[in-house]
Each structure stands twice: as C-alpha cells, then as structure tokens.
Amino acid sequence: MIPAQVLGVGMTPFARRAEGTVEDLAAAAGLDALVSSGVTAADVDAVYCGNVYGGMLPAQRIAARLGLTGRPGYNLEAACSSSAVAFHLAVHAVRTGLYDTVLVLGVEKLSTFGGGTLRLNPDDLDVAQGVTMPAVYAMRARSYLDATGATVEDLAEVAVKNRGNGARNPRAQFRAAPTLPEVLESRPVADPLTLLQCTGSGDGAAAAVVSRHVGDRRPVTVTASRFSSGTTGAHDLAREPLTSRVVADAYTDAGITADDVDVIELHDAFSIAELLYYEALGLCGFGEAPDLLRSGRTRRDGRCAVNRGGGLLARGHPIGATGLAQVVEVVEWLRDPPEHDGGRADTGLTHCTGGGITGYDHAACSIHVLAGG
Amino acid sequence: MPDSVLAPGAWRRDGADLVLLATRCRRCGERTFPPVRACPRCWGTDLAEVPLPRRGTVHALTVTHVAADGIAAPYAVAYVDLPDGSRLCGRLERWDGVRPGDAVEAVGGVLRDGPAGTVTGWLFRPVGADP
C-alpha cells in the first residue's frame, strides 16, 4: 500500500452567512490548499467534493474556478460526514495507486435556508413525525443521564470547553466563551439540551491535497481511513456502537491504541455527543466521560486535546465542510503545535458522523488517524 | 404541496383503531418496521406482513421547543419500545407527566398541519391519560 500524505490544507472562516457562492467558498479553500502544497493544476489527477445542499455537480463547478477541468470530479454526499467520505475515498485512491495527487473539498452554504435546525428529508418517517437532530441527541442525552447518573451540568461543561476553544480560533463562527450558568440558562431547544449545547447553522469550506508524494514541510501521513454505515434496529441510546466499531478498525490500521492519540476533532454537534464519543473512542469506560472531562485531559492543553478548534459547537457546522475542517485543524496542529500549548504532538484523530434518517443509530461514521513525521 | 399520508404501507385502520405493520422474516423471525423487501438480518425474502403490538412503553422522550413546518412548538417525540422488541420513534400526542417506562399506544392523527398541507399518520397517546 502506498502511504497517503496530506500535503496542504485550506479553510475559509466559518460564518452564519458568508459572502459568495458555494463555488467562491470552496475555490478559496481549495486554492489555499493547492498553494500551501506547492502543487500546480497539472499535478492534480482528480477532485473529490463533499456537499449536501449545494445542487448538482459541485466538484465540476468548483473545478471550473480552479483550472481543474478535464479530469475526474467526484461528488459525495453522506450528510454531516460528506467531506470526510470524500477524504476517505481520496486517500484510498492514492493508496491503491489510482491517482498520485488529488484535491479534496468540503463546502456548504446553510444560510440559503435562513437558519433553524438542519433540513432533513421530509419523506423520512421519523422526520415527518417531527424528529429533528436536536431531538435525537436530546433523547440520547436523557438516556445517558439516566443510565450513568451524569448531570445536565456535565453536559453543559462540554459546551463551556469547546466554546472556550472556539473563542481562540479566528476561523470559528461562535467566538463567545460562555460560563456554565450561561450555557444552562440559554434557551431550551430539546430537553435537556439548551441552545449553547447545539451547533449552529452556517457557511464555509475546507480543502486538503492528498498525495503519494512527500512535500517540503513536515509530513502528515494518513495512517487509518475508515468509514461505515450504521445499522438499523433498537440500539442502546446511551452508547455509540457505530463509532466503537469503526475506531477499533482505525486503531488496528494505525497500530495505536486510544492512549496514543494526542489530539482529536470529534463530532460534537450537541454537547452529549462528546461524552458518548469519549467512551466510544476508548478514552474512558462507560459512564466515565464526565470525570474525564473534569480531569482536564481533553482541554486544549491536556494530554489528549479534544476539539481544540472549538468543535462543531463553536467552529460551526456547514455540514458538507465539517469532515475536512476537522482534518485541517488536526493537520495544522501536527505540523506546528504551539509549544505553550503542550509541546509536540504526533498522532491526531478525526471523527465525523452523519445521521438524520429513520432506524439507524447513525447513518454514517468516518474516522481518520493522522501521523506527524 | 397537497395533503399527504405518511408511509401508507406501514399502517392500516382497523375500525377505530390504527394498526402499525411490520414484516416478519419466515426464515429467522426478525421483525422490521417499516416493512422491507428483504430481511436485514438474514437476507431472507420470504416475508409476512404482521401487525405490531398497539401498546408499548416510552424508552426516552424529549420536548422540543423549536417549531417545525406544520408543527407548533412545544411538541414531544419519543422512542417507544414494543413488547415484541421493536423500537419506534414518533410523536407523543400529549406529554405532560409522561416518563420513561410509561405505557403509550399508537393512534391515528394529523402530524403536520400548515400552509404546505397536512400529513396524516400515527402518533403515540399515553394510555390512561385524559383525552
């Protein structure tokens, strides 16, 4: 297998309403990734694009802006996991020798819809009933609290941490650092989740260049790239079996355990999600996530920093861009970890799910492990 | 958008009652709601349409405070466990004082009613609650 390297990354600021079109946003992020990679249009064998609501053929529309026509352009949709899936397929194309160098894009303009909760498929049985993403996570939260004895304060602490991180990320959509009471007293969305425990609607794009070649900068190698759909049926809402299953394969591929991971960007669309995923990723045992959070280990200066960029809660969640935004955050950290933030990290993990349809625990889960050289 | 009926193949009227329909695999016994063409457990295609138990218990619920198209806020949704092992997600007709473990039954009703038209289907009514 040919090792796949991330040569360069790019990302627009995430914003409630960004100037420009889907093409404008993605081309800006894509150009940054290409320039920072030192590759030219002639080097790019294919374009992969993750997007949900932007209409037909976004890869081709964006390629036209970047001089990348006349080669394959793949369009991938997996809800919130769309550009993570694009990255996954790009990595596998490089690993198998299909392409030498590819550009991966993720982009979304949710401001087109004027805000509110994510527009799900209206023909879906659960959605027709009124089930929304906040409602699904609220029921997971309620089940987790009942099963473990965790409290609503434990949930809110996730938002305090990640929104505090977002306040230090110039690309984050939400830059306020609320206190615990402010999180708890923000308006209710779906009990027990309050507004500041939910990600927001917004616009943005992210990009990465994946290649078999090693660039001039500190190399970042993709050591695991795993993706799976979930399963239908009755699941334990207090646990996250899909993430557990996918990460087990990813750790095996990368030859690591959970203890080896220095930095994680995980799918905290809602506060409860981060607690469920601590446990599913093996950072701690069932019911121990609130203690792990309180220990400080997952703070930005902790031994395993989780959502340093603010996560979905604070960076924002233009859904087609999120999977790659996580990759951008981790690659930048592996390349250039600020010394005052805990020293050199060499192993990062991104975790991105997609859901919102009847019967599944989650519809999709993508996990990548990235190793700094 | 005209008025619509949610998943007409997944339920039927039985007099005044509403019956939700699943498929049962004749090979492995797996029940699946809504009805499917192949068993997700064993890939069997010899499937029988069977009625689901009308009554179940609330597994988890949430009151959501954000209105949706044709649904006024607040409203409540729940996961409901049926005695045959099925778990369905759906709206609660009423939720005052309803807790996990409480009994509910599937009833017919209007799920959405707005400028885009109505959506008719099923929802869950707490058993023993005042109508």
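Residues numbered from 1 in each chain as written. Chains lettered and ligands numbered in written order. Predicted model: local features only at pLDDT ≥ 70, side-chain atom pairs only at ≥ 80, totals over all residues. Heavy atoms only, no water.

(A) Spatial organisation of the overall build of chain B. Tallying secondary structure elements over chain B gives zero helices and ten strands in all. Listing each helix as α and each strand as β along chain B from the N terminus yields β-β-β-β-β-β-β-β-β-β. Over its C-alpha atoms chain B spans a radius of gyration of 16 Å, differing by no more than 12% from the 14 Å that the globule rule assigns to 131 residues. Judged by the C-alpha coordinates and their principal axes, chain B covers about 45 × 35 × 30 Å. Residues counted as buried form 42% of the 131 residues belonging to chain B. Within chain B, residue pairs in contact and separated by at least 24 positions form 45% of the contacts whose partners lie at least 6 positions apart. For chain B, the exposed area adds up to about 6,700 Å²; of that, 50% sits on carbon and sulfur atoms. (Helix = DSSP H or I, 4+ residues; strand = E, 2+ residues; numbered from the N terminus. Rg over C-alpha atoms; globule rule 2.2 N^0.38 Å. Buried < 20%, exposed > 50% of the residue type's maximum accessible area, 1.4 Å probe, protein only. Contact = heavy atoms within 4.5 Å. Areas by Shrake-Rupley, 256 points an atom, 1.4 Å probe, with all protein chains shown as cover.)

(B) Examining helix α8 (residues 241-254) of chain A more closely. All names here are of chain A. Relative to the 20 Å expected for 14 residues at 1.5 Å per residue, α8 spans 20 Å between its end C-alpha atoms, a close match to the ideal helical length. When we look at burial in α8, the residues that qualify are Leu 242, Thr 243, Val 246, Val 247, Ala 250, Tyr 251 and Ala 254. Looking down the long axis of α8, one finds its buried residues gathered within 150° of arc, a one-sided arrangement. Where α8 is buried, its residues contact β8 (220-229), α9 (271-280), β11 (347-354) and β12 (364-372). Within two residues after α8, Gly 255 carries a phi angle of roughly 70°, on the positive side. (Expected span 1.5 Å × (residues − 1). Arc of directions from axis to C-beta.)

(C) Representation of the nonpolar core within the structure. Residues and elements named next belong to chain A. Tyr 144, Ile 264, Tyr 278, Leu 281, Leu 283 and Leu 349 are the most contacted members of the largest nonpolar core, which has 53 residues in total. Listed by contribution, the elements that provide at least two residues to this core are α5 (133-148), α6 (152-166), β5 (188-190), α8, α9, α10 (289-295), α11 (311-315) and β12. Core analysis: the next-biggest nonpolar cluster, separate from the first, contains 36 residues, Ala 4, Leu 76, Ala 78 and Ala 321 among them. (Core = buried A, V, L, I, M, F, W, Y, C linked by side-chain atoms within 4.5 Å.)

(D) Quick peek at the pattern of salt bridges. Considering all chains together, one arrives at 27 salt bridges over all chains under this definition. With a shortest N-O distance of 2.8 Å, Arg 294 of chain A and Asp 291 of chain A are connected by a salt bridge. Here Arg 294 of chain A and its partner Asp 291 of chain A are both found in helix α10, three residues apart, which amounts to about one turn of the helix. Taking the relative accessible area as the measure of exposure, Arg 294 of chain A reaches 52% and is therefore exposed. Using a relative accessible area of 47% as the deciding quantity, one classes Asp 291 of chain A as partly exposed. Note that Asp 17 of chain B is salt-bridged to Arg 54 of chain B, the shortest N-O span being 3.5 Å. One end of the pair, Asp 17 of chain B, is in strand β3 (residues 17-25); the other, Arg 54 of chain B, is in the loop between β5 (47-51) and β6 (55-64), with 37 residues separating them in the sequence. Judged by relative accessible area, which is 26%, Arg 54 of chain B ranks as partly exposed. (Salt bridge = Lys/Arg side-chain N within 4 Å of Asp/Glu carboxyl O.)

(E) Geometry of the environment of Gly 287 of chain A. Residue and element names in this part refer to chain A. Inspection of the secondary structure assignment puts Gly 287 in the loop between α9 and α10. Its relative accessible area of 27% is what places Gly 287 among the partly exposed residues. With 137 residues separating them in the primary sequence, Gly 287 and Ala 150 have C-alpha atoms 7.6 Å apart. Excluding anything up to four places from it in sequence, Gly 287 contacts Tyr 144, Thr 148 and Glu 279.

(F) Quick look at the packing of aromatic side chains. Enumeration according to the criterion identifies six aromatic pairs over all chains in this entry. Aromatic side chains Phe 33 of chain B and Trp 122 of chain B sit 5.7 Å apart centroid to centroid with 80° between the ring planes, which places their arrangement in the edge-to-face category. Of this pair, Phe 33 of chain B sits in the loop between β4 (31-32) and β5 while Trp 122 of chain B sits in strand β10 (residues 117-126), and the two are 89 residues apart along the sequence. The same class applies to Phe 33 of chain B as to Trp 122 of chain B, namely buried. An aromatic cluster is present here, built from Tyr 48, Tyr 74 and Tyr 99 of chain A joined pairwise through their rings. Over the face of the ring belonging to Phe 286 of chain A we find Arg 239 of chain A, whose NZ or CZ atom lies 3.7 Å from the ring centre. Taking the ring centre of Trp 333 of chain A as reference, the NZ or CZ of Arg 308 of chain A above it sits at 3.9 Å. (Phe/Tyr/Trp six-rings, centres within 6.5 Å; stacked < 30°, edge-to-face > 60°. Lys NZ or Arg CZ within 6 Å of the ring centre and 35° of its normal.)

(G) Broad picture of the interface of chain A and chain B. Counting from both sides, the interface comprises 26 residues of chain A and, opposite them, 28 residues of chain B. With both chains or domains summed, chain A and chain B bury close to 2,100 Å², and 60% of this area falls on carbon and sulfur atoms. When the buried surface of chain A facing chain B is broken down by residue, Leu 125, Gln 129 and Met 139 of chain A rank first, second and third, together holding 33% of it. For the pair chain A and chain B, the interface holds zero salt bridges. Secondary structure elements with two or more residues in the side of chain A that touches chain B: α4 (125-129), α5 and β5 of chain A. For the side of chain A that touches chain B, the element with the most residues is α5 of chain A, which contributes seven residues. (Buried area = accessible area lost by both parts, 1.4 Å probe.)

(H) Seen up close, helix α3 (residues 82-95) of chain A. Residues and elements named next belong to chain A. Compared with the 20 Å implied by 1.5 Å per residue over 14 residues, the 20 Å span of α3 between its first and last C-alpha is a close match. The buried fraction of α3 is high, at twelve of 14 residues. When we look at burial in α3, the residues that qualify are Ser 82, Ser 83, Ala 84, Val 85, Ala 86, Phe 87, His 88, Ala 90, Val 91, Ala 93, Val 94 and Arg 95. Positioned one or two residues after α3, Gly 97 has a phi angle of 85°, which is positive.

(I) Representation of the side chain of Arg 91 of chain B within the structure. In this structure, Arg 91 of chain B sits in strand β8 (residues 87-92). Contact partners of Arg 91 of chain B, with chain neighbours within four places excluded, come to Gln 129 and Gly 130 of chain A together with Ile 71, Tyr 75, Ala 76, Val 77, Val 110, Leu 111, Leu 123 and Phe 124 of chain B.

(J) Looking closely at the sheet that holds strand β4 (residues 101-109) of chain A. Residue and element names in this part refer to chain A. The strand order across the open sheet formed by ten strands is β3-β2-β4-β7-β1-β8-β12-β11-β9-β10, and the pairing between neighbours is mixed. The sheet terminates laterally at β3 (73-76) and β10 (305-306), the two strands that pair on one side only. Bridge analysis of strand β1 (residues 4-11) against strand β7 (residues 203-211) gives six bridges, and the strand direction is antiparallel. Residue pairing in the sheet places Val 9 in a bridge with Ala 208 of β7. Against the sheet, helix α1 (residues 22-37) contacts β1, β4 and β7, and its axis sits at roughly 35° relative to β7. This element, α3, spans β1, β2 (46-50), β3, β4, β7, β8, β11 and β12 of the sheet and lies at about 120° to β8. (Pairing = 2+ DSSP bridges. Axes fitted to C-alpha atoms, helices over the stretch in contact; angles between N-to-C directions.)

(K) Inspection of the packing of α5 of chain A against α9 of chain A at higher detail. Residues and elements named next belong to chain A. Where α5 meets α9, the axes come as close as 9 Å, and the angle between the chain directions of the two elements is 60°. In terms of axis orientation, α5 runs oblique to α9. Crossing angle aside, the handedness with which α5 passes α9 is left-handed. For the pair formed by α5 and α9, the contact residues are Tyr 137, Arg 140, Ala 141 and Tyr 144 on the first element and Ile 272, Ala 273, Leu 275, Leu 276, Tyr 277 and Glu 279 on the second. Residues belonging to the contact of α5 with α9 are distributed by class as follows: eight nonpolar, no polar and two charged. (Parallel < 35°, antiparallel > 145°, perpendicular 65-115°, else oblique. Left-handed = near helix turned anticlockwise from the far one by under 90°. Nonpolar A, V, L, I, M, F, W, Y, C, P; charged D, E, K, R; others polar.)

Purely spatial values, then, with no claim about function.
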